[in-house]
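Below, each chain spelled out in residue letters.
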Amino acid sequence: MGLWKIFKRKSDEVLFDRAVNERKHSLVVVYGARLISKGKLEYHRVMPYAESLFTINRKKEAVKILDTFAKEKIENGYFSEAIPLLTKAIKYDPENIETVKLLSRAYEGKNLLFEAFQTLIDLLSTFKNGGKNTAEVRNLIGNFLKRYPLPSFQIIYANI
């Protein structure tokens, strides 16, 4: 029986977890991609997979993975699980409008309206400071203010 364990093929989950523990980022990415293709990349493995993608400089792919998992969590009402994924994605791509929209939506889902609004304002500031077109971000903020016409939000927006 002991010999069987030596020659038994390890599952991709086991190999993924081993690669994470050994900090072998290229292997984490390989096994993570296999798990995704099988539909078996679970929530607790998403963050290590994304971290490895960031480490090997595949940031766009990492942000896309985080956004995809977060969107699924938001659609199922698991806002608290989506927020850390999106916060990590914004850390590496602070100008990603889709990520910011998802994060704002997750905060709204938890009734954290100030955080939702602040997320949009931060994106607007980033775009303004970078000399980028702010029309789409202003549209997002305008829609938010239609849903939540609070005077404090109006004042903050007017001062930017």
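Structure's up top.
Predicted, not measured: the structure shown is a model, and the values here were computed from it. (Residues numbered from 1 in each chain as written. Predicted model: local features only at pLDDT ≥ 70, side-chain atom pairs only at ≥ 80, totals over all residues. Heavy atoms only, no water.)

### Quick notes on the overall build of the protein chain
Rules: Under the DSSP-based scheme used, a helix requires at least four consecutive residues in state H or I and a strand at least two consecutive residues in state E, with every element numbered from the N terminus. Radius of gyration: C-alpha atoms only; globule rule: 2.2 Å multiplied by the number of residues to the exponent 0.38. Buried, partly exposed and exposed residues are distinguished by accessible area as a fraction of the type maximum, computed with a 1.4 Å probe on protein chains only: under 20%, between the cut-offs, and over 50%, respectively.
Within the protein chain, the secondary structure is distributed over ten helices and zero strands. Since a compact globule built from 160 residues should have a radius of gyration of about 15 Å, the 20 Å found for the protein chain marks it as more spread out than a globular shape. Along the first, second and third principal axes, the C-alpha set of the protein chain runs to 70 × 30 × 20 Å. Each of the 160 residues in the protein chain was classed as buried or not, and the buried ones make up 38%.

### Things to note about helix α5 (residues 59-75)
Just so we agree on the cut-off: Each residue after the first adds 1.5 Å to the expected span of a helix. The criterion used for residue contact is that any of the two residues' heavy atoms lie within 4.5 Å.
In this model, α5 (17 residues) spans 24 Å end to end at C-alpha, consistent with the 24 Å of a helix rising 1.5 Å per residue. Looking only at α5, the buried set comprises Ala62, Val63, Ile65, Leu66, Asp67, Phe69, Ala70, Lys73 and Ile74. Summarising the contacts, the buried residues of α5 are in contact with α3 (25-38), α4 (43-55), α6 (79-92) and α7 (97-109). Following α5 by one or two positions, Gly77 adopts a phi angle in the positive range, close to 85°.

### What about the packing of aromatic side chains?
Centre-to-centre distance and the angle between the planes together describe a pair of aromatic rings. Keep this limit in mind: Stacked, tilted and edge-to-face pairs are distinguished by plane angle, under 30 degrees for stacked and over 60 for edge-to-face with tilted covering the rest, among Phe, Tyr and Trp rings (Trp via its six-membered ring) whose centres lie within 6.5 Å.
Going through the model one piece at a time under the given rule, you end up with five aromatic pairs. Between Phe54 and Tyr92 the ring centres are 3.6 Å apart and the planes differ by 20°, which places this aromatic pair in the stacked class. Residue Phe54 is found in helix α4, and its partner Tyr92 is found in helix α6; the two are separated by 38 residues along the sequence. With a relative accessible area of 6%, Phe54 lands in the buried category. Centre to centre, the rings of Phe144 and Tyr148 are 5.0 Å apart; their planes meet at 45°, and the pair counts as tilted. Classification of Phe144 by relative accessible area gives buried; the value is 0%.

### So, the pattern of salt bridges
Quick note on the threshold: When a carboxyl oxygen of Asp or Glu lies within 4 Å of a side-chain nitrogen of Lys or Arg, that pair is called a salt bridge.
Considering all chains together, one arrives at eleven salt bridges under this definition. The salt bridge partner of Lys24 is Glu22, with a shortest N-O separation of 3.2 Å. In this structure Lys24 comes out as partly exposed when scored by relative accessible area, which is 40%. A salt bridge links Arg58 to Glu61; the nearest nitrogen and oxygen atoms lie 2.6 Å apart. A cluster of three or more residues bridged by salt bridges with shared partners is formed by Asp12, Arg34 and Lys38.

### Let's talk about α7
Quick reminder of the rule: Nitrogen and oxygen atoms within 3.5 Å of one another constitute a polar contact, given that in protein one can donate a hydrogen and the other can accept it, and given that sequence-neighbouring residues count only through two side-chain atoms.
Given a rise of 1.5 Å per residue, 13 residues ought to cover 18 Å, and the 18 Å separating the end C-alpha atoms of α7 matches this to within 8%. Listed in full, the buried residues belonging to α7 are Ile97, Thr99, Val100, Leu102, Leu103, Ser104, Ala106, Tyr107 and Glu108. The N-capping residue of α7, defined by a side-chain oxygen 3.1 Å from the backbone nitrogen of Glu98, is Asn96. Just downstream of α7 lies Asn111, where phi reads positive at about 65°.

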